[in-house]
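A structural walkthrough
One-letter residues, chain by chain:
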Amino acid sequence: MATSRDRSPSTAPAPRALWPLGGLPEPNSPGRELPAVVGVADLRATNAAAILAAVRSTDPHPRLSTLAEATKLSRPTVEAIVEELMDCGLIEVAPAVSARGQRSPGRPARRFRFCPHAGFVIGVDVRARSVSACLADLDGRPVAVERKAVRADLGGRARARTVTGVVQRAIDRSGADARRVWAATVGTPGLVDRSNTRIRQADNLKGWAEADIVTTLGDTLGCPVAVENDANLAALGEQWRGVGGAADEMVFVLLGERLGAGVITGGRLLRGHRGAAGEIGFIRFPGSPSSQPGLEPLVPDAVAPDPADPARGTRTDIVRGAASGDPEAVAAITSYGRRLAAGIAPVLLALDPALVVLGTSLFPVPGLLPAAELLLSAAEEEAGSLLVDLPQWRLSALGDEAVITGAVRFALSSVEEVLHTRPTSLPAQGGLGRPPGLGTGTEAPQ
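Residues numbered from 1 in each chain as written. Predicted model: local features only at pLDDT ≥ 70, side-chain atom pairs only at ≥ 80, totals over all residues. Heavy atoms only, no water.

1. Overview of the environment of Asp42
Mapped onto the secondary structure, Asp42 falls in helix α1 (residues 40-57). Separated by 380 residues in sequence, Asp42 and Arg422 place their C-alpha atoms 8.0 Å apart. (Helix = DSSP H or I, 4+ residues; strand = E, 2+ residues; numbered from the N terminus.)

This is the structure in structure tokens:
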């Protein structure tokens, strides 16, 4: 039987990345009908995963005896694996609880806690006019966020360089060891293949599909990178940290420069045969004067701004007007909501979701909430006359952060897969360094 001494580090294969929230299922390989043989190293990895899970789930911080009882392993085995997990930086000795005024017969037993800053993941939100990156710890908490405005006509390779630059600045700002970034996910408009490795089509981003951001960012970070549709990630983010946590059947409608939807069914993301599920931007909406698919925008392209007041008549102007009660703006928002509901009604009839979430960048500040609520109520009222069973309609709790939150969740799922099976294979060389703090940054367009 092969041991770790039989294979040098230079020839040992790196753990293959899995994307549990997306990705293709494992193919059936020949011979898998027989039970797999479990080697000593595999058994030790399984035990390490069990002990790490017990450390993470036990409150207060567990002692060795508690871990032995929880995992049914011998104390010497637990002690040895705990030391290995500490060497990897995944757990540490918790600070002793103050016992002022109490007498202790000896040194208190050590307690252990999980170190969320043992590693990091990165979520990226790529849009026509901006790139944002979030570095998060292993609990999914943001550590550093970096944003950069870009030109809408930026080429694919230049956009890819911008992504790597924004990601690098987030890492630098945090003070984290770049070798401890273990996975990254890029959220993007357009169609993404089912393996989460390639952008098939992104009509509104010039040259983006040919830029191969997965390889470019992967070479920079030295870790697995996935790419996923932005609406799909927004749905995952809302399910994880927003209003969708209790809904196993949910449709997240992403409104912005383009229309898209992320579908959660059976508690999981629905991606379709080729990864194009939820592409409602290709629907031919009823009553639209345009020959192009998709929902007619709030402000038709043919309408030019007023030279005396360039902001007047724009989308932002209409949203602000609706929020303040301007009748024309209210009528425009109401019409938009009704047309949206009428267009996606067949999708809702087919899926029968419990919840429909509207997530949009049309309402970026709290003062515009009345306009958002107006859009929501108009869509819900229109849908009421078109559907058999009515879902609940809600506004996104994450707002403009839904996509990047979902990107962090998607990347974290890959790391969690390893933490649950072979945690000691994750840590990179080098120390953890000083725990990083929260940071944000914004730059002007290129």
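Back to the write-up after that little detour.
2. Quick word on helix α2 (residues 64-71)
Along α2, the positions that sit buried rather than exposed are Leu64, Leu67, Ala68 and Thr71. Down the axis of α2, the buried set is contained in an arc of 100 degrees. They therefore lie on one face. Of the exposed residues in α2, the ones pointing more than 90 degrees away from its buried face are Glu69 and Ala70. Looking at the buried residues of α2, the elements they touch are α1, α3 (75-88) and β2 (112-114). Lys72 lies just past α2 and shows a positive phi near 65 degrees. (Buried < 20%, exposed > 50% of the residue type's maximum accessible area, 1.4 Å probe, protein only. Arc of directions from axis to C-beta. Contact = heavy atoms within 4.5 Å.)

3. Examining unusual backbone geometry
Each neighbour pair has its own omega, and for Asp59 with Pro60 the value is 5 degrees, a cis peptide bond. With respect to the secondary-structure elements, Pro60 resides in the loop between α1 and α2. Despite not being glycine, Lys72 has its phi angle at roughly 65 degrees, a positive value. Following the sequence through the fold, Lys72 ends up in the loop between α2 and α3. Given the relative accessible area of 71%, Lys72 is considered exposed.

4. Notes on the pattern of salt bridges
Under the definition given, this model contains 15 salt bridges. One salt bridge connects Arg44 with Glu84, and the closest N-O pair in it is separated by 3.1 Å. Residue Arg44 is located in helix α1, and its partner Glu84 is located in helix α3; the two are separated by 40 residues in the primary sequence. On the accessibility criterion, Arg44 (38% relative accessible area) is partly exposed. The partner of Asp137 in a salt bridge is Arg141, and the shortest N-O contact between them spans 3.5 Å. Under the relative-accessibility criterion, Arg141 is labelled partly exposed at 43%. Each of the salt bridges in this network shares a partner with another, and the network as a whole consists of Arg56, Asp137, Asp139, Arg141 and Glu416. (Salt bridge = Lys/Arg side-chain N within 4 Å of Asp/Glu carboxyl O.)

5. Describing the environment of Glu238
In this fold, Glu238 is placed in helix α6 (residues 230-241). Overall, the relative accessible area of 0% leaves Glu238 in the buried class. Residues Glu238 and Leu398, 160 residues apart in the sequence, show an inter-C-alpha distance of 6.7 Å. At 2.9 Å, the side chain of Glu238 and the backbone nitrogen of Val243 are in polar contact. (Polar contact = N/O pair within 3.5 Å; in protein donor to acceptor, adjacent residues only side chain to side chain.)

6. Observations concerning the environment of Thr421
With respect to the helices and strands, Thr421 occurs in the loop between α10 (402-419) and β15 (439-443). The partly exposed category is assigned to Thr421, whose relative accessible area is 34%. It is 8.8 Å that separates the C-alpha atoms of Thr421 and Asn47, two residues lying 374 residues apart in sequence. Those residues in contact with Thr421, other than ones at most four positions away along the chain, are Ala45, Thr46 and Ala49. Looking at Thr421, its side chain comes within polar contact range of the side chain of Arg422, at 3.4 Å.

7. Details of the packing of α1 against α2
Helices that pack against each other are described as a pair by the angle of their axes relative to one another and the distance between those axes. One can describe the packing of α1 onto α2 by two numbers: an axis separation of 10 Å at closest approach and a directional angle of 120 degrees. Comparing the axis directions of α1 and α2 gives the class oblique. Our pair here, α1 against α2, has a crossing hand that is right-handed. Contact with α1, carried on its side by Ala50, Ile51, Ala54 and Val55, involves Leu67, Ala70 and Thr71 of α2 and no other residues of that element. Here the residues of the contact of α1 with α2 sort into 6 nonpolar, 1 polar and no charged. (Axes fitted to C-alpha atoms, helices over the stretch in contact; angles between N-to-C directions. Parallel < 35°, antiparallel > 145°, perpendicular 65-115°, else oblique. Left-handed = near helix turned anticlockwise from the far one by under 90°. Nonpolar A, V, L, I, M, F, W, Y, C, P; charged D, E, K, R; others polar.)

8. A few points about the packing of helix α4 (residues 156-174) against helix α5 (residues 213-221)
For the pair α4 and α5, the least separation of the axes is 10 Å and the interaxial angle reads 30 degrees. Between α4 and α5 lies a crossing of right-handed hand. Seen from α4, the contacting residues are Ala160, Val163, Thr164, Val167, Gln168 and Ile171; seen from α5, they are Ile213, Thr216, Leu217, Thr220 and Leu221. The residue inventory of the contact of α4 with α5, partitioned by class, reads 7 nonpolar, 4 polar and no charged.

9. Here we look at the sheet that holds strand β11 (residues 260-265)
Two orientations exist for strands paired in a sheet by backbone hydrogen bonds: parallel and antiparallel. Across the sheet, 5 strands lie side by side as β12-β11-β10-β13-β14; this open sheet has mixed pairing. The sheet is open, and its two edges are formed by β12 (268-270) and β14 (392-395), each paired on a single side. Averaged over all pairs of adjacent strands, the angle between strand axes in this sheet comes to 25 degrees, irrespective of strand direction. Here 6 bridges tie strand β10 (residues 250-255) to strand β13 (residues 355-360), and the two strands are oriented parallel to one another. If you follow Phe252 over to β13, its bridge partner there is Val357. Contacting β10, β13 and β14, helix α9 (residues 369-384) crosses the sheet at an angle of about 165 degrees to β14. (Pairing = 2+ DSSP bridges.)

10. Describing the side chain of Arg180
Inspection of the secondary structure puts Arg180 in the loop between α4 and β6 (181-188). No salt bridge is formed by the buried Arg180, whose closest oppositely charged neighbour, Asp177, lies at an N-O distance of 4.9 Å. At 3.5 Å, the side chain of Arg180 forms a polar contact with the backbone oxygen of Cys88. (Lys, Arg positive; Asp, Glu negative; His and termini not counted.)

11. Digging into the pairing of strand β3 (residues 120-126)
Within a regular beta strand, the side chains point alternately toward one face of the sheet and then the other, so they alternate between its two faces. With 7 of 7 residues buried, β3 is to be regarded as a mostly interior element. Of the two faces of β3, both are covered, the one formed by Phe120, Ile122, Val124 and Val126 as well as the one formed by Val121, Gly123 and Asp125. Pairing of β3 with strand β4 (residues 130-137) involves 7 bridges; the strand directions are antiparallel. Of the residues in β4, the one forming a bridge with Phe120 is Asp137.

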